[in-house]
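Structure at a glance
Each chain is listed here by its residues.
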Amino acid sequence: AIKTASLNHPAVNLANTTLDALEAQKSSLQKSWYPKLNFRGTLYGRGSGVDYTGDVHAVDGFGLSRLNYGVGAQLSMPLMKFSELNIQLRQQNARINAAKAEIAQTELQLSKEQETSDALFNNALAIEHEMPEQLETADFAYKAMNSRYSAGLVTYNDLLQTQYNLEKAQTDAKIARYSVWKALLYQATAA
């Protein structure tokens, strides 16, 4: 069986178990061609309530007075099943090759998922690291605009626009934090 040390994923373990079972079936098929030696034995007994003089003793009929036995051995080899066995072995080899291909495909898919999850996590972490600076800038802009509005230098629309930018920065910071957790969950799932 193909074993992967780097991926200890349930999907890989299931595929390896399936491959092991298919190889065991192939081994069993190969052994079905071996000659078989069977031993047999028989034992028969009979009783009679009549003795050699002709007197009848009914109770004596329950005891065994004559024993017959036989012992034998049989060696058999399935000569006529050779072509059928070859067909079954080819089918089993095809199943084994399919299981190996499934393992390779599963490992490739899992490694791609791991790479994707690592990239998503790194990107989400980079974005989340930028959020405090963006949030600080938006907060500073709002405070400055609020001071200017209090002094009567800007319009109410300008103040609302900076307040909107502050709210958007706060929302983006929460989304970035959520994205980091989501990427961590995806990494755990891929592993």
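Everything quoted here is computed from the prediction, not taken from an experiment.

Where helix α1 (residues 10–31) contacts helix α2 (residues 82–150), the axes come no closer than 9 Å and their chain directions differ by 165°. Relative to α2, α1 is oriented roughly antiparallel. Considering how the two elements wind past one another, α1 and α2 form a crossing that is left-handed. Split into classes, the residues belonging to the contact of α1 with α2 amount to 12 nonpolar, 7 polar and 5 charged.

Moving on, we come to the packing of aromatic side chains. Tallied over the entire structure, the rule returns 2 aromatic pairs. For the pair Tyr149 and Tyr156, a centre-to-centre distance of 5.8 Å together with 55° between the ring planes defines the contact as tilted. For Tyr149, a relative accessible area of 33% puts it in the partly exposed group. Judged by relative accessible area, Tyr156 falls into the partly exposed class, the value being 47%.

With that settled, consider the nonpolar core. Formed by Ala15, Leu19, Leu22, Ile96, Ala99 and Ile103, the largest nonpolar core amounts to 6 residues. Sorting the residues of this core by element identifies α1 and α2 as the ones contributing at least two each. Excluding its chain neighbours within four sequence positions, the residues that come into contact with Leu22 are Gln92, Arg95, Ile96 and Ala99.

With 69 residues, α2 ought to run about 102 Å at 1.5 Å a step, and its terminal C-alpha atoms sit 99 Å apart, in line with that. When the local axis directions of α2 are compared, the greatest deviation, roughly 30°, occurs at Met131, which is followed within four positions by the proline Pro132.

Bringing a nonpolar patch on the surface into the picture now. Nonpolar side chains collect at one region of the surface, where Leu43, Leu64, Leu67 and Tyr69 lie side by side and expose about 530 Å² of accessible area between them. Its place among the elements puts Leu64 in the loop between β1 (36–46) and β2 (66–76).

Next up on the list: the confidence of the model for the protein. Mean pLDDT over the protein: 87, with 94% of residues reaching 70 or higher. Of the regions scoring below 50 in pLDDT, residues 1–6 engages in 13 contacts with residues more than four places distant in sequence or in other chains.

Moving on to the environment of Arg95. Tracing the sequence through the fold places Arg95 in helix α2. Arg95 sits in the partly exposed class, given a relative accessible area of 42%. In the structure, Arg95 is positioned 72 residues away from Glu23 in sequence and 9.3 Å away in space, judged by C-alpha atoms.

Calculation notes
Residues numbered from 1 in each chain as written. Predicted model: local features only at pLDDT ≥ 70, side-chain atom pairs only at ≥ 80, totals over all residues. Heavy atoms only, no water. Axes fitted to C-alpha atoms, helices over the stretch in contact; angles between N-to-C directions. Helix = DSSP H or I, 4+ residues; strand = E, 2+ residues; numbered from the N terminus. Parallel < 35°, antiparallel > 145°, perpendicular 65-115°, else oblique. Left-handed = near helix turned anticlockwise from the far one by under 90°. Nonpolar A, V, L, I, M, F, W, Y, C, P; charged D, E, K, R; others polar. Phe/Tyr/Trp six-rings, centres within 6.5 Å; stacked < 30°, edge-to-face > 60°. Buried < 20%, exposed > 50% of the residue type's maximum accessible area, 1.4 Å probe, protein only. Core = buried A, V, L, I, M, F, W, Y, C linked by side-chain atoms within 4.5 Å. Contact = heavy atoms within 4.5 Å. Expected span 1.5 Å × (residues − 1). Bend = angle between axes of the 7 residues up to and from the residue. Patch = residues over 30% accessible without salt bridge, like charges linked within 9 Å, V, L, I, M, F, W, Y side chains within 5 Å. Areas by Shrake-Rupley, 256 points an atom, 1.4 Å probe, with all protein chains shown as cover. Salt bridge = Lys/Arg side-chain N within 4 Å of Asp/Glu carboxyl O. pLDDT = per-residue confidence, 0-100.

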